[in-house]
Amino acid sequence: MRTELHVPSDLRFLTIVENWLLGSLEVEVGEYVDWPRQSNRLRLVLAEAYSNVVRHAHRDQPNLPVLIRLELKERDIALEVWDHGRGYDLSTYMAPSPEAMSDGGYGWLIMNRLMDRVEYCLQIDGRNCLKLEASLPEVKKA
């Protein structure tokens with residue numbers, strides 16, 4: 001299954017983005033995986049990715065669209081989030097320390113912990129692409 005969504009850069013659309021992703025996946029794999037657990041994992045990852053585009057890449061530019069692509073093969077998910085921002089230099093990223101009690105900087109850490117593979121590509125045809133991949137574990141039948 002392959003599908004995509006074009007959505008404005010506005011956090012008011014976050015629920016629409018989440019419903020699109022989770023609804024599409026539940027139809028395809030909901031009965032084969034631990035859906036409550038996996039849907040929470042994917043909701044958090046997508047919320048991080050989309051809100052980072054809105055708050056950072058497209059800051060104050062709600063007219064710039066965000067493109068989200070989903071591909072599912074068996075239980076393997078590939079999710080791409082495309083933006084038109086300047087991009088982020090990952091070589092400058094430093095994970096926040098728990099002692100610092102920082103308000104931000106956890107998104108990259110969260111996405112890497114919850115997904116099997118995370119890749120960020122700068123400036124492909126004037127856009128940036130965050131690629132998120134994971135294999136959903138199959139439910140073990142008793």
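Everything numeric in this text was worked out from a predicted model, so none of it was measured.

A. Highlighting the sheet that holds strand β5 (residues 127–135). Strand order in this open sheet of five strands is β1-β2-β3-β5-β4, and the pairing throughout is antiparallel. Unpaired on one side and paired on the other, β1 (2–8) and β4 (117–124) mark the two borders of the sheet. If you compare each strand with its neighbour and ignore which way they point, the axes differ by 15 degrees on average. Pairing analysis gives seven bridges linking strand β2 (residues 65–73) to strand β3 (residues 76–83), with the strands arranged antiparallel. Residue I68 lies in a different strand from β3, and its bridge partner there is V81. Strands in contact with helix α2 (residues 35–57) are β1, β2, β3 and β5; relative to β3, the strand with the most contacts, it is inclined by about 10 degrees. Sitting on the sheet, helix α3 (residues 107–114) is in contact with β4 and β5, with an inclination near 130 degrees to β4.

B. Spotlight on the pairing of β4. Pairing of β4 with β5 involves six bridges; the strand directions are antiparallel. Bridged to C121 within β5 is C129. Linking β4 to β5, which pair antiparallel, is a turn of two residues; within it D125 sits at a positive phi near 55 degrees.

C. Summary view of the pairing of β2. Strand direction decides the pairing type here: β1 and β2, joined by seven bridges, are antiparallel. If you follow P8 over to β2, its bridge partner there is P65. Adjacent in sequence and paired antiparallel, β2 and β3 are bridged by two residues, among which E74 carries a positive phi angle near 60 degrees.

The rules we used
Counting starts from 1 at the beginning of each chain's written sequence and moves along it residue by residue. In keeping with the predicted nature of the model, local features appear solely for residues at pLDDT of at least 70, side-chain atom pairs appear and are counted solely at 80 or more, and the whole-chain, interface and lining totals rest on all residues. With hydrogens and water stripped out, all remaining heavy atoms of the structure feed into the side-chain values. We treat two strands as partners when DSSP finds at least two bridges between them. Here a helix means four or more residues in a row that DSSP labels H or I, a strand means two or more in a row labelled E, and each is numbered from the N terminus. Structural elements are reduced to axes, namely lines fitted to C-alpha atoms, with helices fitted over the stretch in contact, and the angle between N-to-C directions of any two is expressed from 0 to 180 degrees. The contact criterion used throughout is that any non-hydrogen atoms of two residues lie within 4.5 Å.

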